[in-house]
Amino acid sequence: MKLPLPVTISLLSTVAFAEVTTVINQKSPEFALGKYTGPNFKIKAEDSDGMYVKIGARIQSTFESREIDYEDASKSDETYMDAYLRRTRFEITTGFDKYTSFTMDIRNDKANYQDKGEQEFNVGDAYLKIKKPFDTSLVNFKLYRGKIDVSRTETVKSAYVIHYDRPAVADEAAQYITHNRRGTNAQMYGDWDKKIHYQVAFGDGVYSGKLKDSKGSSFDGDLTQESFFYGGKIIFSPIDGWEEKKKTETYFGEGQHFSIGAAYWNSPEINIEHDGVSQTIDHELLNIDVSAHYKGLFFGAEYFQFDGVVNEWGSDETGTSEGYYVVAEYLLPNNIAPYVRYENWNKWEDEDGYDFTSTLVGANWYLRGYTTKVGLTYQVDEYDEKIGDKTDSRVKLTTQWFF
């Protein structure tokens, strides 16, 4: 595409009066393809202290072989292959001064997944960060579309998680309080000597298109919400020298950390109407997480309790569900990292037949840390009789390019 002459001159002038900084993270260990990137390519303004632009991209692909076996003999088992782009994202951050910056991304996730075609682009993160306005790490702010910490693995950037698809129970938490855990909100967060981290937030509530009942059926009625969601999380690192300084699930054999976190979130006064049944429900979420790593070994676990779960759309019966997952990875000397993950989620605690379990075994090969990696995973999901009565098995070959 040929740009008009004034635009070309403007772009050249911008580069001429800017300082292009290094792309490679110099603190990165060495991998087969070199050190990993920043992330993002950063351009600093030469004529204004604190102003900069960071530009990056993320692409994750999946090639999958899948088998679904139904316990009901009247249903036909399914076997198929699928190839899709799990995440396709363009990221940009603009820094205005030493206190404020704006970060956003546009994304087209799950393009070509099953029969969904090319999908459409939409905005993911879109938040204004105000960092240390009082020159203390205890007080920072994020406004608009920033993640609330309903779950550790949901808060970790997807480029840094061990397996691209997070646990199903954590994905439910991501929709239970606010849309995709980043509905428009205002939050304050900070830390004290990296020993204690906290976050408090309030904002826009749930999205009807992502609500599900205990059987996994999507909501298709009418919804209004009378109040903002609210809540917060606190994380504690009790051992000196084992403080959590960065949220990730792979540390490439360096350092150690141990942390415990607890969160409470409430999304109240959700008015729904479905098949002539009207009711008002409050979504309450309790989350507890433990994570630790020592050199190449990482361990993480989370517990979730949901209150205000609707048993079945069209009924007025609500109750609770709870679940947990555990995950562990070990980095071998050649940067191949085998891992395992187990998940158990009781979607309706008042009755048998609602258990979901998922077991994963796999390995990632970090060719350039987060920047370039390849993974192979075998996953088995088992659905109890009230939630599908089936076994879903799949083998996934995954790749990531993150800049």
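Residues numbered from 1 in each chain as written. Predicted model: local features only at pLDDT ≥ 70, side-chain atom pairs only at ≥ 80, totals over all residues. Heavy atoms only, no water.

1. Notes on the overall build of the protein chain
1) Next: Counting its regular elements, the protein chain contains three helices and 19 strands.
2) Next: Its C-alpha atoms give the protein chain a radius of gyration of 22 Å, within 12% of the compact-globule value 22 Å for 403 residues.
3) Next: Projected onto the principal axes, the alpha-carbon positions of the protein chain cover approximately 70 × 55 × 50 Å.
4) Next: A burial count over the protein chain gives 45% of its 403 residues as buried.
5) Next: Once local pairs closer than 6 in sequence are excluded, the contacts in the protein chain between residues at least 24 apart make up 60%.
6) Next: Total accessible area on the protein chain is roughly 19,600 Å²; 56% of this is exposed by carbon and sulfur atoms.
7) Next: Across the protein chain, the mean location of the 45 positive side-chain charges is 11 Å away from that of the 64 negative side-chain charges. (Helix = DSSP H or I, 4+ residues; strand = E, 2+ residues; numbered from the N terminus. Rg over C-alpha atoms; globule rule 2.2 N^0.38 Å. Buried < 20%, exposed > 50% of the residue type's maximum accessible area, 1.4 Å probe, protein only. Contact = heavy atoms within 4.5 Å. Areas by Shrake-Rupley, 256 points an atom, 1.4 Å probe, with all protein chains shown as cover. Lys, Arg positive; Asp, Glu negative; His and termini not counted. Charge placed at Lys NZ, Arg CZ, Asp CG, Glu CD.)

2. With respect to the pairing of strand S16 (residues 336-346)
1) Next: Direction of pairing for strand S15 (residues 318-330) relative to S16: antiparallel, over a ladder of eight bridges. By the bridge assignment for S16, Val326 is matched with Tyr342.
2) Next: Counted between consecutive antiparallel strands, the loop separating S15 from S16 contains five residues, among which Asn335 sits at a positive phi close to 65 degrees.
3) Next: In the sheet, S16 pairs with strand S17 (residues 355-366) via 11 bridges, with the strands oriented antiparallel. Note that in S17 the partner of Asn346 across the bridge is Asp355. (Pairing = 2+ DSSP bridges.)

3. Let's talk about a nonpolar patch on the surface
1) Next: Residues Phe63, Val340, Val361, Leu376, Tyr378, Val395 and Leu397 make up a contiguous nonpolar surface patch of roughly 620 Å² in combined accessible area.
2) Next: Elements with a contribution of two residues or more to the nonpolar patch: strand S18 (372-383) and strand S19 (390-402).
3) Next: With respect to the secondary-structure elements, Val340 resides in strand S16. (Patch = residues over 30% accessible without salt bridge, like charges linked within 9 Å, V, L, I, M, F, W, Y side chains within 5 Å. Salt bridge = Lys/Arg side-chain N within 4 Å of Asp/Glu carboxyl O.)

4. Digging into a negative patch on the surface
1) Next: Together, Glu67, Asp69, Glu71, Asp77, Glu78 and Glu382 make up a region of like negative charge exposed at the surface.
2) Next: Relative to the assigned elements, Asp69 resides in strand S3 (residues 52-70).

5. Quick notes on the nonpolar core
Within soluble globular proteins, side chains that are nonpolar tend to cluster in buried spots.
1) Next: Residues Ile148, Val150, Ile177, Trp265, Leu285, Phe304 and Phe306 are the most contacted members of the largest nonpolar core, which totals 26 residues.
2) Next: Counting residues per element, the ones that place at least two in this core are helix H3 (168-176), strand S12 (256-274), strand S14 (297-310), S15 and S16. (Core = buried A, V, L, I, M, F, W, Y, C linked by side-chain atoms within 4.5 Å.)

6. Observations concerning the packing of aromatic side chains
1) Next: With the rule as written, the count across this model stands at 19 aromatic pairs.
2) Next: Clustering of aromatic rings is evident, with ring pairs tying together Phe31, Tyr36, Tyr160, Phe252, Tyr366, Tyr370 and Phe402.
3) Next: Its end group placed over the ring of Tyr52, Lys42 keeps NZ or CZ at 4.7 Å from the ring centre.
4) Next: Against the face of Tyr294 rests Lys295, its NZ or CZ located 5.5 Å from the ring centre. (Phe/Tyr/Trp six-rings, centres within 6.5 Å; stacked < 30°, edge-to-face > 60°. Lys NZ or Arg CZ within 6 Å of the ring centre and 35° of its normal.)

7. With respect to H3
1) Next: H3 sits mainly inside the fold: seven of its nine residues count as buried.
2) Next: Every buried residue of H3 is accounted for by Val169, Ala170, Glu172, Ala173, Ala174, Gln175 and Tyr176.
3) Next: Where the residues of H3 are buried, they touch helix H2 (152-155), S12, strand S13 (277-294), S14, S15 and S16.

8. Overview of the confidence of the model for the protein chain
1) Next: Residues with a pLDDT of 70 or more make up 95% of the protein chain, whose mean pLDDT is 92.
2) Next: Across residues 5-17, where pLDDT falls below 50, the model places six contacts with residues more than four positions away in sequence or in other chains. (pLDDT = per-residue confidence, 0-100.)

9. A closer look at the pattern of salt bridges
1) Next: Going through the model one piece at a time under the given rule, you end up with 24 salt bridges.
2) Next: As a salt-bridge pair, Arg394 and Glu64 come within 4.0 Å of each other at their nearest N and O atoms. Taken together, the positions of Arg394 in strand S19 and Glu64 in strand S3 put the pair 330 residues apart, joining distant regions of the chain. The same class applies to Arg394 and to Glu64, which are both buried.
3) Next: Among the salt bridges present, the one from Asp240 reaches Lys195, with a minimum N-O distance of 3.0 Å. Here Lys195 lies in the loop between strand S8 (185-192) and strand S9 (196-203) and Asp240 lies in the loop between strand S11 (229-236) and S12, a separation of 45 residues in the sequence.
4) Next: Judged by relative accessible area, which is 65%, Asp240 ranks as exposed.

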